[in-house]
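So you can see what is in the structure, the chains are spelled out below.
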Amino acid sequence: MGKMKLMKGNEAFAEAAIRAGCDAYFGYPITPQSEVMEYLAAQQPQLRTGMVLLQAESEVAAINMVYGAAGTGKRVMTSSSSPGISLKQEGISYLAGSQLPCLILNVMRGGPGLGTIQPSQSDYFQATKGGGHGDYRMIVLAPASVQEMSDFVKLGFELAFKYRNPVIMLSDGIIGQMMEKVELFEQVPRLTEFDQQWVTTGKTPDRERNVITSLDLDPARHERHNLKLQAKYQKMRENEVRFENIDCDDAEYLFVAYGSCARICQKSVKLARAKGIKVGLIRPVTLFPFPSEEIGRRAAKLKGILTVELSSGQMIEDVRLAVDGKVRVALHNRMGGMVPSPEEVVDALLKSFSIR
Amino acid sequence: MEIRNPRIQEIISEENLVYKKTSLMTDKALSYCPGCGHGVVHRVIMEIIDEMGIQADTIGVAPVGCSVLAYEFMNIDMQQASHGRAPAVATGIKRCWPEKYVFTYQGDGDLAAIGTAETIHACNRGENIAIFFINNGIYGMTGGQMAPTTLVGMRSSTTPYGRDAALMGNPLKITELVAMLPGTYFVARHTVHTPLAVRKFKKAAKMAFENQKLNKGLSFIEIVSNCNSGWKMTPVQANKWMEENMLPFYPPGDIKMNGEIVKKAEKAE
Ligand SMILES: Cc1ncc(C[n+]2csc(CCOP(=O)(O)OP(=O)(O)O)c2C)c(N)n1
Ligand code: SF4
Ligand SMILES: [Mg+2]
């Protein structure tokens with residue numbers, strides 16, 4: 001076993017970036033994720049691994065630097081929080097349209113507008129349904145611990161390159177700021193070989209020029225391009241669903257929650273079980289693709305599902321689609337930076353399904 | 001096309017060749033309006049890359065504007081950027097490939113309106129890239145709307161009675177502005193509307209690529225160009241109008257050489 005360290009989620013993410021052999025990070029400060037760039041700066045990654053670190057003039061510039069750097073075939077990333085992620089949407093759409101791999105971290109805070117710097121999960125729709133313009137999807141990883149803030153960097157890069165698509169880690173202010181023990185993975189070497197079929201290295205006589213673009217003015221060709229993208233997203237749905245089940249086997253009720261809410265619900269499961277209520281937790285680890293099959297498969301045997309979210313209720317729409325009316329799905333939510341206690345969640349379960 | 005006439009065949013033989021299209025321009029027909037400066041600037045940049053033998057080490061960034069399809073004509077590795085962000089995209093590429101030659105090709109709306117922040121900051125950081133800035137005083141691609149560079153009094157589809165500085169602001173001399181930044185190493189303004197002007201621009205363009213080896217900062221070349229379609233003129237009228245109206249306000253010449261501001265831009269030719 002590797003060495004355990006006590007770290008903040010944001011710091012673990014940054015350390016993992018260096019260790020994952022990331023070639024370049026471009027960012028712009030915003031609470032509650034500024035520790036990412038600060039940690040990287042303190043580590044001098046240009047000396048440790050040769051990784052590029054650049055503070056951009058805006059999130060718009062940062063994501064476009066990512067877009068350019070991703071075109072070179074290297075491992076590149078950016079991080080931000082909700083308002084900054086909104087600014088990146090055009091760039092993300094270009095990355096998806098041009099089929100470029102990259103890793104994006106959103107440490108969500110409450111909105112709309114400038115909102116609050118407190119934690120939230122209200123960018124679920126934006127991350128899972130598109131966010132920018134056009135028909136595209138990203139793989140969305142939802143870390144629920146500092147450990148996963150580290151592990152998902154490596155996983156995120158693997159998936160980004162496997163599909164040549166942006167991958168987003170949808171974290172929140174709690175996971176980003178809290179300190180936990182984390183076991184860091186060993187240093188991965190930076191890339192030295194590049195796929196000459198698509199990267200911009202400079203055209204050599206042995207190949208056609210490589211052009212990275214999302215533009216095609218020919219409708220028939222552009223439709224084919226869109227169909228190709230859709231086929232890729234379908235492959236993600238088939239192969240990349242990840243989730244965690246806790247006490248689900250004998251469960252009559254289910255919590256569905258991700259990220260920090262899943263951590264709260266873990267405690268709620270224990271509290272409810274102590275009261276004799278058979279409840280389990282499904283924690284989606286990928287939000288796109290969503291574990292619809294797993295939730296749907298269990299629906300008929302359940303008396304009720306409670307989704308717990310730090311939003312007005314966004315993931316609940318995917319849970320309802322998954323159960324297809326087979327069981328009632330209720331919501332317990334907090335907004336604006338408020339966070340429910342495990343007891344509050346148990347109460348909500350009791351009330352929602354009139355459990356005595 | 002096969003030519004059968006022996007007299008013509010004799011004329012077009014190799015030894016009579018005075019000009020040959022560089023192989024770095026593809027055979028695709030240019031999508032630009034006849035008489036437009038974009039095509040000339042493309043050719044000159046490709047000739048330089050050809051002559052310097054750096055095709056295998058050069059990456060270009062195409063903007064959003066009439067030259068959005070530059071990568072169809074330039075036979076080099078290229079990446080298309082979103083509107084205004086080419087300097088950020090080029091920064092990302094250059095930081096990952098510091099040994100390669102990276103350039104952007106941008107219009108005035110792209111570079112001096114929506115992309116002002118990216119332009120200023122790439123210049124200020126002194127990214128070791130070249131920026132080719134086509135100033136035609138108008139948004140060509142979207143049908144001739146006002147650009148940040150549109151002259152006072154100049155008509156466009158969104159200033160049908162002429163640009164009124166009090167209402168619409170003044171034309172922006174972004175080239176003079178970036179010359180003031182310590183990160184720019186070479187800043188110049190050129191035109192491509194006469195053979196002499198093309199030769200001068202070519203010299204400057206070559207310097208913009210050679211400078212990248214020095215790692216001393218950004219090379220920025222503005223090319224004042226025509227947009228006969230947007231200006232609603234014939235190509236000949238457009239060039240004349242450009243000389244009489246654009247060049248007094250945007251005078252060609254070197255503005256900054258080797259990191260030092262040069263005295264005064266030379267008079268319009
Ligand atoms: C975000 C965004 N806003 C607006 C447009 C529409 N648009 C395309 S080209 C253009 C203006 C380009 O003008 P300029 O940069 O001067 O280039 P020119 O066509 O004159 O060479 C605009 C506004 C766009 N493609 N993307
Ligand atoms: S619209 Fe203007 S800038 Fe565009 S190709 Fe035509 S002449 Fe050139
Ligand atoms: Mg223009």
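Residues numbered from 1 in each chain as written. Chains lettered and ligands numbered in written order. Predicted model: local features only at pLDDT ≥ 70, side-chain atom pairs only at ≥ 80, totals over all residues. Heavy atoms only, no water.

1. Examining the overall build of chain B
Part 1: Of regular secondary structure, chain B possesses 11 helices and 10 strands.
Part 2: Over its C-alpha trace chain B gives a radius of gyration of 19 Å, about what one expects of a compact globule, namely 18 Å for 269 residues.
Part 3: Dimensions of chain B, computed from the C-alpha atoms along their principal axes, are close to 65 × 45 × 35 Å.
Part 4: Per-residue burial for chain B yields a buried fraction of 55% across its 269 residues.
Part 5: For chain B, the proportion of contacts with a sequence separation of at least 24, taken over those separated by at least 6, is 67%.
Part 6: About 11,700 Å² of surface is accessible on chain B, with carbon and sulfur atoms providing 56% of the total.
Part 7: Side chains of chain B carry 28 positive and 26 negative charges; the gap between the two charge centres is 4 Å. (Helix = DSSP H or I, 4+ residues; strand = E, 2+ residues; numbered from the N terminus. Rg over C-alpha atoms; globule rule 2.2 N^0.38 Å. Buried < 20%, exposed > 50% of the residue type's maximum accessible area, 1.4 Å probe, protein only. Contact = heavy atoms within 4.5 Å. Areas by Shrake-Rupley, 256 points an atom, 1.4 Å probe, with all protein chains shown as cover. Lys, Arg positive; Asp, Glu negative; His and termini not counted. Charge placed at Lys NZ, Arg CZ, Asp CG, Glu CD.)

2. A look at the coordination of the magnesium ion (ligand 3)
Residue and element names in this part refer to chain B.
Part 1: Around the magnesium ion (ligand 3), the protein supplies Asp-108 (OD), Asn-136 (OD1) and Ile-138 (O) as donor atoms, at distances of 2.1 Å.
Part 2: We note that the donor set of the magnesium ion (ligand 3) lies within a single chain, spaced as D-x27-N-x1-I. Here Ile-138 lies in strand β5 (residues 138–139) and Asp-108 lies in helix α5 (residues 108–114), a separation of 30 residues in the sequence. The residues Asp-108 and Ile-138 share a single accessibility class, namely buried. (Donors = N, O, S within 2.8 Å, 3.2 Å for Na, K, Ca; no water.)

3. A word on the sheet that holds strand β3 (residues 52–55) of chain A
All names here are of chain A.
Part 1: Pairing is mixed across the open sheet formed by 7 strands, whose spatial order is β3-β2-β4-β5-β7-β6-β13. The sheet is open, and its two edges are formed by β3 and β13 (286–288), each paired on a single side. Within the sheet, the average angular offset between the axes of one strand and its neighbour, ignoring direction, is 20°.
Part 2: Where strand β2 (residues 24–27) and β3 come together, 4 bridges link them in parallel fashion. Opposite Ala-24, over in β3, you have Val-52 as the bridge partner. (Pairing = 2+ DSSP bridges. Axes fitted to C-alpha atoms, helices over the stretch in contact; angles between N-to-C directions.)

4. So, the domain arrangement of chain A
Residues and elements named next belong to chain A.
Part 1: Here chain A is described as being made up of domain 1 (3–202 + 227–239) and domain 2 (243–352).
Part 2: A separation of 27 Å is found between the C-alpha centroids of domain 1 and domain 2.
Part 3: With 32 residues of domain 1 at the contact, the number on the domain 2 side is 25 residues.
Part 4: When domain 1 packs against domain 2, the two sides together hide about 2,300 Å² of surface, and 57% of this comes from carbon and sulfur. (Domains from an automatic or database assignment. Buried area = accessible area lost by both parts, 1.4 Å probe.)

5. Observations regarding the environment of Ala-257 of chain A
Residues and elements named next belong to chain A.
Part 1: Looking at the secondary structure, you find Ala-257 in the loop between β11 (253–256) and α11 (259–274).
Part 2: Judged by its relative accessible area of 0%, Ala-257 falls in the buried class.
Part 3: In this structure the C-alpha to C-alpha distance between Ala-257 and Pro-32, which are 225 residues apart in sequence, comes to 21 Å.
Part 4: Excluding anything up to four places from it in sequence, Ala-257 contacts Ala-262, Cys-265, Leu-281, Ile-282, Arg-283, Pro-284, Val-308 and Met-315.

6. Considering unusual backbone geometry
Part 1: Of note, the bond from Thr-31 of chain A into Pro-32 of chain A is cis; its omega dihedral lies within 30 degrees of zero at 5°.
Part 2: In this fold, Pro-32 of chain A is placed in the loop between β2 and α2 (35–43).
Part 3: The step from Phe-288 of chain A to Pro-289 of chain A runs through a cis peptide bond, and the omega angle for that step is -5°.
Part 4: Relative to the helices and strands, Pro-289 of chain A is located in the loop between β13 and α12 (292–299).
Part 5: Positive phi outside glycine occurs at Gln-44 of chain A, with the angle close to 50°.
Part 6: For Gln-44 of chain A, the location among the structural elements is in the loop between α2 and α3 (45–48).
Part 7: A residue is classified by how much of its surface remains accessible, and Gln-44 of chain A, at 38% relative accessible area, is partly exposed.
Part 8: The phi dihedral of Lys-232 of chain B is positive, around 60°, even though this residue is not glycine.

7. Here we look at the site of ligand 2
Part 1: If you check the shell around ligand 2, you find Tyr-32, Cys-33, Cys-36, His-38, Cys-66, Asn-136, Gly-140, Cys-227, Asn-228 and Ser-229 of chain B and nothing else.
Part 2: For the shell around ligand 2, a count of residues per class yields 5 nonpolar, 5 polar and no charged. (Near = heavy atom within 4 Å. Nonpolar A, V, L, I, M, F, W, Y, C, P; charged D, E, K, R; others polar.)

8. Let's talk about the nonpolar core
Part 1: Judged by nonpolar contacts, the single largest core of 122 residues is most densely connected at Ile-305 of chain A together with Phe-220 of chain B.
Part 2: The leading source of residues in this core is helix α8 (residues 146–163) of chain A, at 9 residues.
Part 3: Excluding residues that lie within four positions of it along the chain, Ile-305 of chain A makes contacts with Leu-254, Val-256, Ile-295, Val-319, Val-323, Val-327, Arg-328, Val-329, Ala-330 and Phe-353 of chain A.
Part 4: Ranked by size, the runner-up nonpolar core spans 38 residues in total, among them Ala-62, Phe-73, Phe-201 and Phe-209 of chain B. (Core = buried A, V, L, I, M, F, W, Y, C linked by side-chain atoms within 4.5 Å.)

9. Focus: the site of ligand 1
Part 1: As a matter of local geometry, ligand 1 sits amid 16 residues, with Cys-66, Asp-108, Asp-110, Gly-140 and Met-141 of chain B nearest to it.
Part 2: Neighbouring residues of ligand 1 are distributed over chains A and B.
Part 3: The backbone of Cys-66 of chain B places a nitrogen or oxygen atom 2.8 Å from an oxygen atom of ligand 1.
Part 4: The separation between an oxygen atom of ligand 1 and a polar main-chain atom of Gly-109 of chain B is 2.9 Å.
Part 5: Contributing elements (two or more residues each) for the shell around ligand 1: α5 and β5 of chain B.
Part 6: Among the elements that take part in the shell around ligand 1, α5 of chain B stands out by supplying 3 residues, more than any other.
Part 7: Here the shell around ligand 1 is composed, by residue class, of 5 nonpolar, 8 polar and 3 charged. (Polar contact = N/O pair within 3.5 Å; in protein donor to acceptor, adjacent residues only side chain to side chain.)

10. Re the interface of chain A and chain B
Part 1: Contact with chain A, which involves 35 residues of that partner, is made by 36 residues of chain B.
Part 2: Around 2,700 Å² of area is buried between chain A and chain B when both sides are counted, 58% of it from carbon and sulfur atoms.
Part 3: Summed over the three residues of chain A that lose the most area to chain B, namely Glu-57, Lys-203 and Arg-209 of chain A, the buried surface amounts to 22% of that side.
Part 4: Put simply, chain A and chain B have 2 salt bridges between them.
Part 5: As a salt-bridge pair, Asp-77 of chain B and Arg-207 of chain A come within 2.6 Å of each other at their nearest N and O atoms.
Part 6: Mapped by element, the contributors of at least two residues to the side of chain A that touches chain B are β2, β3, α4 (59–70), α6 (89–97) and β9 (211–212) of chain A.
Part 7: Here β9 of chain A runs beside strand β2 (residues 77–80) of chain B; their pairing, made up of 2 bridges, is parallel. (Salt bridge = Lys/Arg side-chain N within 4 Å of Asp/Glu carboxyl O.)

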